[in-house]
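Okay, here's what each chain looks like letter by letter:
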Amino acid sequence: QVQLVESGGGLVQPGGSLRLSCAASGSIFRLNGMGWYRQAPGKQRELVAGITRGGRTNYSEPVKGRFTISRDNAKNTVYLQMNSLKPEDSAVYYCHVVVGLHYWGQGTQVTVSS
């Protein structure tokens, strides 16, 4: 089993920044892909950003140039630095990792509002 603990969500004004963290623990031999998804009310869960073990990244179009995903393989942790936040970024953000199977975090709320 793999446990994921997310942190860093909250309320921020438009134009502000937040940094999400997700630490994996448990039966981890080798973490492969790690990433962040988000789900707004009434919408499907969507990929925000992903990163391979080797550091290759990909981003959804709405967040390109504003969000940065990174990872620390020694700490089994993935980060999402979110800058220039917009109200449409408001959602529950979920950490996702692949350790053979797919695992999801519990979600952390991000609200962008003045």
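We now turn to the structure provided with this report.

Overview of the sheet that holds strand 1 (residues 2-7)
Note: strands within a sheet are paired through backbone hydrogen bonds, in either parallel or antiparallel orientation. Here we have 4 strands laid out as an open sheet, ordered 1-3-8-7, and antiparallel in their pairing. The open sheet terminates on both sides in strands that have one partner only, identified here as strand 1 and strand 7 (67-72). The mean angle between the axes of side-by-side strands here comes to 15 degrees, regardless of whether they run parallel or antiparallel. The sheet contact formed by strand 1 and strand 3 (residues 18-26) spans 6 bridges and is antiparallel. Across the sheet, residue Leu-4 finds its bridge partner in strand 3, namely Ala-24.

Points about the packing of aromatic side chains
Counted under the stated rule, the structure contains 1 aromatic pair. A centroid spacing of 4.9 Å and a plane angle of 70 degrees characterise the contact between Tyr-37 and Trp-104, whose relative ring orientation is edge-to-face. With Tyr-37 in strand 4 (residues 34-39) and Trp-104 in strand 10 (residues 101-104), this pair connects stretches of sequence that are 67 residues apart. According to the relative accessible area criterion, Trp-104 is partly exposed, its value standing at 39%. In this structure, Arg-45 is placed above the aromatic ring of Tyr-94, and the distance from its NZ or CZ to the ring centre is 3.7 Å. The ring of Trp-104 has Arg-45 lying over it, and the distance from NZ or CZ to the ring centre is 4.7 Å.

Section: the environment of Gly-33
Looking at the element boundaries, Gly-33 is found in the loop between strand 3 and strand 4. By relative accessible area, Gly-33 is classed as partly exposed at 27%. Measuring from C-alpha to C-alpha, the distance between Gly-33 and Val-78 comes to 10.0 Å, with 45 residues separating the pair along the chain. Non-local contacts of Gly-33, meaning those with residues more than four positions away in its chain, are made with Ile-51, Arg-71, His-96, Val-97 and Val-98.

Procedures and definitions
Residues numbered from 1 in each chain as written. Predicted model: local features only at pLDDT ≥ 70, side-chain atom pairs only at ≥ 80, totals over all residues. Heavy atoms only, no water. Pairing = 2+ DSSP bridges. Helix = DSSP H or I, 4+ residues; strand = E, 2+ residues; numbered from the N terminus. Axes fitted to C-alpha atoms, helices over the stretch in contact; angles between N-to-C directions. Phe/Tyr/Trp six-rings, centres within 6.5 Å; stacked < 30°, edge-to-face > 60°. Buried < 20%, exposed > 50% of the residue type's maximum accessible area, 1.4 Å probe, protein only. Lys NZ or Arg CZ within 6 Å of the ring centre and 35° of its normal. Contact = heavy atoms within 4.5 Å.

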